[in-house]
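# Report on the structure
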2 protein chains.
Amino acid sequence: MSIGIRIALNNGLYLKDPQDSKLGKKIIQHSINLIDDFGFECFTFKKLSESIQCTEASIYRYFENKHLLLLYLMNWYWEWVNYLISINTMNVNDPQKKLKIIIHSFVFASNDNPVVEFVNETKLQNIVIAEGGKTYHTKKVDHENSKGFFNSYEVLVNSLSQVILEINPEFRYPYALATNMFEMTNNQIYFAKHLPRLTDISVEENEVNELEEMLNYFLAKLLA
Amino acid sequence: MSIGIRIALNNGLYLKDPQDSKLGKKIIQHSINLIDDFGFECFTFKKLSESIQCTEASIYRYFENKHLLLLYLMNWYWEWVNYLISINTMNVNDPQKKLKIIIHSFVFASNDNPVVEFVNETKLQNIVIAEGGKTYHTKKVDHENSKGFFNSYEVLVNSLSQVILEINPEFRYPYALATNMFEMTNNQIYFAKHLPRLTDISVEENEVNELEEMLNYFLAKLLA
DNA sequence: AAAAAATGATAGTAATACTATTATTTAAAT
DNA sequence: ATTTAAATAATAGTATTACTATCATTTTTT
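Since we're looking at a predicted model, the values are computed, not measured. (Residues numbered from 1 in each chain as written. Chains lettered and ligands numbered in written order. Predicted model: local features only at pLDDT ≥ 70, side-chain atom pairs only at ≥ 80, totals over all residues. Heavy atoms only, no water.)

### Some words on the overall build of chain A
- When helices and strands are tallied, chain A shows 10 helices and zero strands.
- In chain A, the order of α-helices and β-strands from amino to carboxyl end is α-α-α-α-α-α-α-α-α-α.
- In terms of overall size, chain A behaves like a compact globule, its C-alpha atoms giving a radius of gyration of 18 Å where 224 residues would be expected to give roughly 17 Å.
- Over its C-alpha atoms, taken along the principal directions, chain A stretches across nearly 55 × 40 × 35 Å.
- Across the 224 residues of chain A, 58% fall into the buried class.
- Residue pairs at least 24 apart in sequence account for 67% of intrachain contacts in chain A once pairs closer than 6 positions are excluded.
- About 9,700 Å² of surface is accessible on chain A, with carbon and sulfur atoms providing 50% of the total. (Helix = DSSP H or I, 4+ residues; strand = E, 2+ residues; numbered from the N terminus. Rg over C-alpha atoms; globule rule 2.2 N^0.38 Å. Buried < 20%, exposed > 50% of the residue type's maximum accessible area, 1.4 Å probe, protein only. Contact = heavy atoms within 4.5 Å. Areas by Shrake-Rupley, 256 points an atom, 1.4 Å probe, with all protein chains shown as cover.)

Right under this line is the structure:
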């Protein structure tokens, strides 16, 4: 019955694949709602179980803890953006065009037609913006990295860095620049909403045109 | 007996000024050690009180909770960098030179001679890098911003953005660029240490020369 | 020496982050 | 359709966290 794609994720992220069951999908759906509404600190498996109307123990059969659930959501997002980029740049050869498409893909990732019915991409992007950094700012980062929990992000960064080098093979910091474009996107949207003195752009109602323009402006100067 | 400067901080950050007493200074000193060693998530006032050999209740007389203590430390850092920048750029008129000095000041903030004996600047910078974002990625950010808890960061960003405009008055995003230089600094140091595929630079033993070079490279291109 | 301020000692509570066990329901295989 | 297996519910329990409260004692200031 389901028409959507299935996002392939590192299976060390979960104990039981949430995409395989009704309850699993509800866990993803409701956790996205709750984290978006109340923030990751306030989010608990108890509240999630109340929201879903299941028991706490059932959730623990899918995810070891809330940190890994967040990392699962981040991986979902990274894979989703990878997917958008790959379908949008298919058959595009001009690297300048590719660059513009990549930027557009991740800046507007939340506006694209949702492909998986239990994931609200808009809310997911809000979570990436507000909570994403917490997945790797942990003492466990090295251990989790060794398990490949950040591979999807690295793939994303790698795609962008390749295009950067196609445009300017002399550019000395393709990975740093690629990473920075992603991080800057999240930061600037967040600052526009909460600490506006730290940015020049405004983001009203998730209208991110100004941000896209700024990223293109930065990249044009850097890669000239 | 104390020779150092006294860092002036927003008094809403604490219940009782830790700079005013022996115990207060110990709280700052030991919290820096503990957060650096074990991470902010593992850090509790219980562990802090054991480390200091005081009671938990005493710590609560200084700080409402560990989040505000972290925000206090961040503010300390921002003020410290503001101080470094202002003394290092005193009597410097050439904006290009000022820019270089500002960059050097915050990239090497931890290497400067410590001025306050109970604050280990190297460890504090590690905390800023690894935990800093957690201070504003909270549901309370708007409320705390309205109390001025991010003013010191805004002052920092403002100083840099003014120099950016002096160099290139046409540059369209001075605040975003300034903010991004600070955020990028922290991110790239962190990635070099933990997720090296996300960057091009290496940082061994807090040796950040490559980072400084990269920031200058980015800024030169952007402000040309 | 008296008063005020700071800290210690102790206790207690609600919430968090789990783990464990057994019962019941649902789905799959034969 | 029946048996078996898998998933979930129901319930209970524990150690830790993040506090708050009270009163005694020590230290500092006047």
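Alright, that's what it looks like, and here's the rest.
### Comments concerning the protein's contact with DNA strand D
- Neighbouring residues of DNA strand D: 16 residues in total, closest A:S58, A:R61, A:Y62, B:Y60 and B:N65.
- When the atoms of DNA strand D within 4 Å of the protein are sorted by group, sugar and phosphate make up 64%.
- Measuring from a phosphate oxygen of DNA strand D, one finds a backbone N or O atom of A:T55 at 3.5 Å.
- Take A:S58: an N or O atom from its side chain is 2.7 Å from a phosphate oxygen of DNA strand D.
- It is helix 3 (residues 56–60) of chain B that contributes the most residues to the surface near DNA strand D, three residues altogether.
- Class assignment for the residues of the surface near DNA strand D results in five nonpolar, five polar and six charged. (Near = heavy atom within 4 Å. Polar contact = N/O pair within 3.5 Å; in protein donor to acceptor, adjacent residues only side chain to side chain. Nonpolar A, V, L, I, M, F, W, Y, C, P; charged D, E, K, R; others polar.)

### Quick word on unusual backbone geometry
- Even without a glycine there, the phi angle at A:E205 is positive, about 55 degrees.
- Position of A:E205 relative to the elements: it lies in the loop between helix 9 (174–194) and helix 10 (209–223).
- Positive phi, normally seen in glycine, also occurs at B:Q53, with a value near 65 degrees.
- With respect to the helices and strands, the residue B:Q53 is situated in the loop between helix 2 (45–52) and helix 3.
- Judged by relative accessible area, B:Q53 falls into the exposed class, the value being 73%.

### With respect to the side chain of B:S49
- Inspection of the secondary structure puts B:S49 in helix 2.
- Non-local contacts of B:S49, meaning those with residues more than four positions away in its chain, are made with B:C54, B:T55, B:E56 and B:I59.

### Description of the packing of aromatic side chains
- For the structure shown, the criterion picks out 36 aromatic pairs over all chains.
- Considering the side-chain rings of A:Y153 and A:F182, the 6.0 Å spacing of their centres and the 70 degrees angle between planes classify their relative orientation as edge-to-face. You can see A:Y153 sitting in helix 8 (residues 151–167) and its partner A:F182 sitting in helix 9, a full 29 residues away along the chain. Side by side, A:Y153 and A:F182 carry an identical accessibility label, which is buried.
- Grouped by ring-pair contacts, the aromatic residues A:W78, A:F106, A:Y136, A:F150, A:Y153, A:F182, B:Y190 and B:F191 constitute a single cluster.
- Just above the ring of A:F40 sits the side chain of A:K66; from NZ or CZ to the centre is 4.7 Å. (Phe/Tyr/Trp six-rings, centres within 6.5 Å; stacked < 30°, edge-to-face > 60°. Lys NZ or Arg CZ within 6 Å of the ring centre and 35° of its normal.)

### Some points on the relation of the copies chain A and chain B
- The transformation that overlays chain A on chain B combines an axial shift of 0.0 Å with a rotation of 180 degrees, and the residual RMSD is 0.0 Å. Here the transformation between the copies is reduced to the relation of a two-fold axis.
- Here 100% of the interface residues in chain A have copies in chain B that are interface residues too; the copies meet face to matching face. (Least-squares fit on C-alpha atoms with pLDDT ≥ 70 in both.)

### Quick notes on the pattern of salt bridges
- Tallied over the full model, the rule gives 16 salt bridges over all chains.
- Close ionic contact of A:K134 with A:E41 constitutes a salt bridge, the shortest N to O distance being 3.0 Å. In this pair, A:K134 is assigned in the loop between helix 6 (121–131) and helix 7 (141–146) and A:E41 in the loop between helix 1 (22–38) and helix 2 (45–52), connecting sequence segments 93 residues apart.
- A:K134 sits in the buried class, given a relative accessible area of 10%.
- Take A:E41: its relative accessible area is 48%, and that puts it in the partly exposed class.
- B:K46 is the salt-bridge partner of B:E50, the closest N and O atoms lying 3.9 Å from each other. (Salt bridge = Lys/Arg side-chain N within 4 Å of Asp/Glu carboxyl O.)

### Re helix 9 of chain A
- With 21 residues, helix 9 of chain A should reach 30 Å at 1.5 Å per residue; the first-to-last C-alpha distance of 30 Å fits that figure.
- Burial within helix 9 of chain A is extensive, with 18 of its 21 residues counted as buried. (Expected span 1.5 Å × (residues − 1).)

### A closer look at the interface of chain A and chain B
- Across the boundary between the two partners, chain A contributes 54 residues, which contact 54 residues of chain B.
- Summing both sides of the interface, chain A and chain B together bury roughly 4,500 Å²; the carbon and sulfur share of this comes to 57%.
- Remark: the boundary between chain A and chain B carries four salt bridges.
- Between B:R197 and A:E154 there is a salt bridge, with its nearest N and O atoms 2.5 Å apart.
- Our count for the contact surface shared by chain A and chain B stands at 22 residue pairs in polar contact (both at pLDDT 80 or more).
- Here the element with the most residues in the side of chain A that touches chain B is helix 9 of chain A; it accounts for 14 residues.
- Considered class by class, the residues forming the side of chain A that touches chain B number 25 nonpolar, 12 polar and 17 charged. (Buried area = accessible area lost by both parts, 1.4 Å probe.)

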